[in-house]
Amino acid sequence: MNPLKTLRSRYQSWLSPEVLAPMIVGLLSLTAWELLVRITGLPPFLLPGPLLVLQTLITEWGSLWPALLITLKITVIAFLLAATSGLLIAVLFVQSRWIERSFFPYAVILQTTPIVAIAPLIIMWLRNNTFAALVVCAWIVAFFPIISNTTLGLHSVDHHLNNLFQLYGASRWQTLIYLRLPSALPYFLGGLKISGGLSLIGAVVAEFVAGTGGARSGIAYQILMSSYNLQIPRMFAALLLTTLSGVGIFVGLTALSNALLKHWHDSAIRHEN
Amino acid sequence: MADSAPLLQLHQVSKVYRNGTVALQDANLAIAPGEFVSLLGASGCGKSTVLRMIAGLGRPSTGSLWWDDPSHQGDLAFVFQEAALMPWATVLDNVGLPLKLKGYPPRQIRAIAQEAIALVGLQGSELTYPRQLSGGMRMRVSIARALITDPRLMLMDEPFGALDEMTRSRLNADLLQLWREKQWTVLFVTHNIYEAVYLSQRVVIMAPQPGRIHGEITIDAPYPRLEPFRTSPEFSQYCRAIAEQLAIADAI
Ligand SMILES: Nc1ncnc2c1ncn2[C@@H]1O[C@H](COP(=O)(O)OP(=O)(O)O)[C@@H](O)[C@H]1O
Ligand SMILES: [Mg+2]
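Everything numeric in this text was worked out from a predicted model, so none of it was measured. (Residues numbered from 1 in each chain as written. Chains lettered and ligands numbered in written order. Predicted model: local features only at pLDDT ≥ 70, side-chain atom pairs only at ≥ 80, totals over all residues. Heavy atoms only, no water.)

## A word on the overall build of chain B
Now for step 1: Secondary structure assignment for chain B yields eight helices and nine strands.
Now for step 2: Rg of the C-alpha trace for chain B: 18 Å, near the compact-globule value of 18 Å for 252 residues, within the 12% margin.
Now for step 3: The principal-axis extents of the C-alpha atoms in chain B amount to approximately 55 × 45 × 35 Å.
Now for step 4: A buried classification covers 52% of the 252 residues belonging to chain B.
Now for step 5: Summed over all atoms, the accessible surface of chain B reaches about 11,500 Å², with 51% contributed by carbon and sulfur.
Now for step 6: Separation of charge centres in chain B, based on 23 positive and 24 negative side chains, amounts to 7 Å. (Helix = DSSP H or I, 4+ residues; strand = E, 2+ residues; numbered from the N terminus. Rg over C-alpha atoms; globule rule 2.2 N^0.38 Å. Buried < 20%, exposed > 50% of the residue type's maximum accessible area, 1.4 Å probe, protein only. Areas by Shrake-Rupley, 256 points an atom, 1.4 Å probe, with all protein chains shown as cover. Lys, Arg positive; Asp, Glu negative; His and termini not counted. Charge placed at Lys NZ, Arg CZ, Asp CG, Glu CD.)

## Some words on a nonpolar patch on the surface
Now for step 1: On the surface, a cluster of nonpolar side chains totalling about 480 Å² of accessible area is made up of Leu15, Leu20, Met23, Ile24 and Leu28 of chain A.
Now for step 2: Take Leu15 of chain A: its relative accessible area is 46%, and that puts it in the partly exposed class. (Patch = residues over 30% accessible without salt bridge, like charges linked within 9 Å, V, L, I, M, F, W, Y side chains within 5 Å. Salt bridge = Lys/Arg side-chain N within 4 Å of Asp/Glu carboxyl O.)

## So, the pairing of strand β6 (residues 153-157) of chain B
Residues and elements named next belong to chain B.
Now for step 1: Most of β6 is tucked away: five of the five residues are buried.
Now for step 2: Inspection of the sheet shows strand β5 (residues 76-79) paired to β6 by four bridges, in the parallel sense. The residue bridging Phe78 from the neighbouring strand is Leu155, located in β6.
Now for step 3: Strand direction decides the pairing type here: β6 and strand β7 (residues 185-190), joined by five bridges, are parallel. Each bridged residue has a counterpart across the sheet, and for Met154 the counterpart in β7 is Val186.
Now for step 4: Where the polypeptide runs from β6 across helix α5 (residues 165-182) and back to β7, its parallel neighbour, the crossover connection is right-handed. (Pairing = 2+ DSSP bridges. Right-handed = clockwise from strand over helix to strand, strands pointing away.)

## Concerning the packing of helix α2 (residues 91-101) of chain B against helix α4 (residues 135-147) of chain B
Residues and elements named next belong to chain B.
Now for step 1: Where α2 contacts α4, the two axes come as close as 7 Å, and the packing angle between them is 35 degrees. Between α2 and α4 lies a crossing of right-handed hand. For the pair formed by α2 and α4, the contact residues are Val91, Asn94, Val95 and Pro98 on the first element and Val141, Ala144 and Arg145 on the second.
Now for step 2: Classifying every residue of the contact of α2 with α4 by side-chain character gives five nonpolar, one polar and one charged. (Axes fitted to C-alpha atoms, helices over the stretch in contact; angles between N-to-C directions. Left-handed = near helix turned anticlockwise from the far one by under 90°. Contact = heavy atoms within 4.5 Å. Nonpolar A, V, L, I, M, F, W, Y, C, P; charged D, E, K, R; others polar.)

## Section: the interface of chain B and chain A
Now for step 1: With 23 residues of chain B in contact, the opposing surface of chain A contributes 21 residues.
Now for step 2: Together chain B and chain A conceal approximately 2,100 Å² of surface at their shared face, both sides included; 69% is due to carbon and sulfur atoms.
Now for step 3: Run the count over chain B and chain A and you get zero salt bridges.
Now for step 4: On the surface where chain B and chain A come into contact, there are three residue pairs in polar contact (both at pLDDT 80 or more).
Now for step 5: Of all the secondary structure elements, the ones that give two or more residues to the side of chain B that touches chain A are β5, α2 and α4 of chain B.
Now for step 6: Sort the elements by how many residues they give to the side of chain B that touches chain A and α2 of chain B lands first, with four residues.
Now for step 7: Its residues assigned to classes, the side of chain B that touches chain A comprises 16 nonpolar, one polar and six charged. (Buried area = accessible area lost by both parts, 1.4 Å probe. Polar contact = N/O pair within 3.5 Å; in protein donor to acceptor, adjacent residues only side chain to side chain.)

## Let's talk about the domain arrangement of chain B
Residues and elements named next belong to chain B.
Now for step 1: What the domain assignment lists for chain B is domain 1 (1-75 + 177-252) and domain 2 (80-150).
Now for step 2: Relative placement of domain 1 and domain 2: their C-alpha centres are 26 Å apart.
Now for step 3: Taken together, the contacts link five residues of domain 1 with five residues of domain 2.
Now for step 4: When residues of domain 1 are sorted by the area they lose upon contact with domain 2, Leu178, Lys182 and Trp184 head the list and together hold 71% of the total.
Now for step 5: Here domain 1 is connected to domain 2 by zero salt bridges.
Now for step 6: One can count zero residue pairs in polar contact (both at pLDDT 80 or more) joining domain 1 with domain 2.
Now for step 7: In terms of residue class, the side of domain 1 that touches domain 2 is built from two nonpolar, no polar and three charged. (Domains from an automatic or database assignment.)

## What about the site of ligand 1?
Residue and element names in this part refer to chain B.
Now for step 1: By nearness alone, every residue bordering ligand 1 is listed as Tyr17, Asn19, Thr21, Ala23, Ala42, Ser43, Gly44, Cys45, Gly46, Lys47, Ser48 and Thr49.
Now for step 2: At a separation of 3.2 Å, an oxygen atom of ligand 1 approaches a polar backbone atom of Gly46.
Now for step 3: With respect to ligand 1, the side chain of Thr49 contributes an N or O atom lying 2.5 Å from an oxygen atom.
Now for step 4: Computed on the free molecule, ligand 1 has an accessible area of 560 Å², of which 62% lies beneath the protein chains in the complex.
Now for step 5: Residue contributions to the shell around ligand 1 peak at three residues, all from helix α1 (residues 47-54).
Now for step 6: Looking at side-chain class alone, the shell around ligand 1 contains four nonpolar, seven polar and one charged residues. (Near = heavy atom within 4 Å.)

## Thoughts on the confidence of the model for chain A
Now for step 1: Mean pLDDT over chain A works out to 87, with 90% of the residues at or above the 70 mark.
Now for step 2: Looking across chain A, the model is least confident in helix α1 (residues 3-14) of chain A, with a mean pLDDT of 59, and most confident in helix α4 (residues 61-93) of chain A, with 94. (pLDDT = per-residue confidence, 0-100.)

## Quick notes on the sheet that holds strand β4 (residues 62-67) of chain B
Residues and elements named next belong to chain B.
Now for step 1: Strand order in the open sheet made by the three strands is β2-β1-β4, with antiparallel pairing throughout. If you trace the sheet from one side to the other, it starts and ends with β2 (22-31) and β4, each paired once. Strand-to-strand twist across the sheet, computed as the mean angle between neighbouring axes with direction ignored, equals 15 degrees.
Now for step 2: Strand direction decides the pairing type here: strand β1 (residues 8-16) and β2, joined by six bridges, are antiparallel. Following the sheet pairing, Lys15 is matched in β2 by Leu24.

## Brief notes about the nonpolar core
Now for step 1: Membership of the largest hydrophobic core comes to 93 residues, with the highest contact counts inside it found for Phe36, Leu39, Ile54, Val95, Met154, Leu155 and Ile242 of chain B.
Now for step 2: Taken domain by domain, this core gets at least three of its residues from each of domain 1 (1-75 + 177-252) and domain 2 (80-150) of chain B.
Now for step 3: The contacts of Ile54 of chain B, once residues within four sequence positions are left out, are Leu8, Leu10, Leu65, Trp67, Leu76, Leu153, Leu155 and Leu187 of chain B.
Now for step 4: Ranked by size, the runner-up nonpolar core spans 18 residues in total, among them Ala82, Phe188, Leu189 and Ala220 of chain A. (Core = buried A, V, L, I, M, F, W, Y, C linked by side-chain atoms within 4.5 Å.)

The structure is reproduced here in structure tokens:
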């Protein structure tokens, strides 16, 4: 591909309807919001306008940014733990139907138990190490999509390829490495995309639950404190940072997924008609 | 050829699947070394079942398989209708797979795979991915993968069934050439009469419900079979004879 063409296609992808349409919607809503606040004269402690939020974000940067970094650290560690443990457990599950049958329900139970309900327990048990407690909470929220997706992927091996491996006398190990894991990769990556966002949500919820008993440091704690103190613009600014982080995580994981599946998977290929 | 000791024999082989389907009943078949035999019949008459049992991907319910030399039992390759390539691997890696599973060193795999790729006329496509290839090219990759272990018996289950007529003719001709060069034994499944006649020395006609062998017709035309053979009166006679047999097989 020549460089001019690449440049053009990149330019086009920025101007594509998928990017342009939501941007227009966003800008219009922000403008409407700002106008609403100004015309009705709503006090900022009820609803601050977007400009005020942005201004607050800049003035409070010194306290919000380090807080965000702490939450992101919890998120990333929980996410990495979820990814590795989810993958390993899924591999274990597909080794035998009995293992899967016996343990899968417990993974479901762990997933469906509301984290808000068990977070206080975990925080209590790990009261010497709040950071670890928060990581554990975020991990519980994040690991299930990876287990369920990867298990599904490891089971969805092409029937003929399976026969072929059998025909050439492939060992269990060879079949896992050369056939099952690659077959499961798109599913695993799909799980990662979901669980990236969930790690952040888990971290935020856990911080909320920990509240004043927690590490008093993460972004959720800042949101909580701002709302107690009726610093609503500051609360919105912290919220904005959290949301942007979530979007960033999703975009990053999508890019990773596309890069890894570039050559072969439908989801990563743009079909030319 | 029919005089030499068979490479493989099926004795009264039946297959009943767990759900009660009688996929094959009392099949007897002998295949001589170097022979090109086709199994022809409507879908559901047990053609794939025969191939899968020969490949060891399923056992006969009753009856038995006899090999001239049991050590040759694993010396076979299977080509499916879908090319069954690994979408995440390049052509080179797909073709080299059987040797990789057998533990050959990477450099040797590469060399042998490259040779096989050249044999099926795909040199230059080593580093492309299956998705970038046409259906015919994918099937060539699949054949290259099958021939890489230098098998004695080549099992092909409607390999060209999904291809257009032109591509199919090209691949038919190329397959015959490879067969003559490599001196394989080929057991070829198809539901296309013309393809069966063009390729085979013997066409085994199968009938459905329950799946069974109805009879066979020997195609007594010399190789190499070139394009004119396809339009010869002899060719259409064979086709007509087989069509009649198929009609009888269906009616019983
Ligand atoms: N794994 C299976 N379980 C149950 N029935 C099967 C299975 N495989 C094939 N059959 C049935 O056995 C019969 C023969 O199938 P098959 O050998 O695939 O025929 P063909 O290849 O000639 O189309 C069909 O009726 C098919 O539905
Ligand atoms: Mg079939």
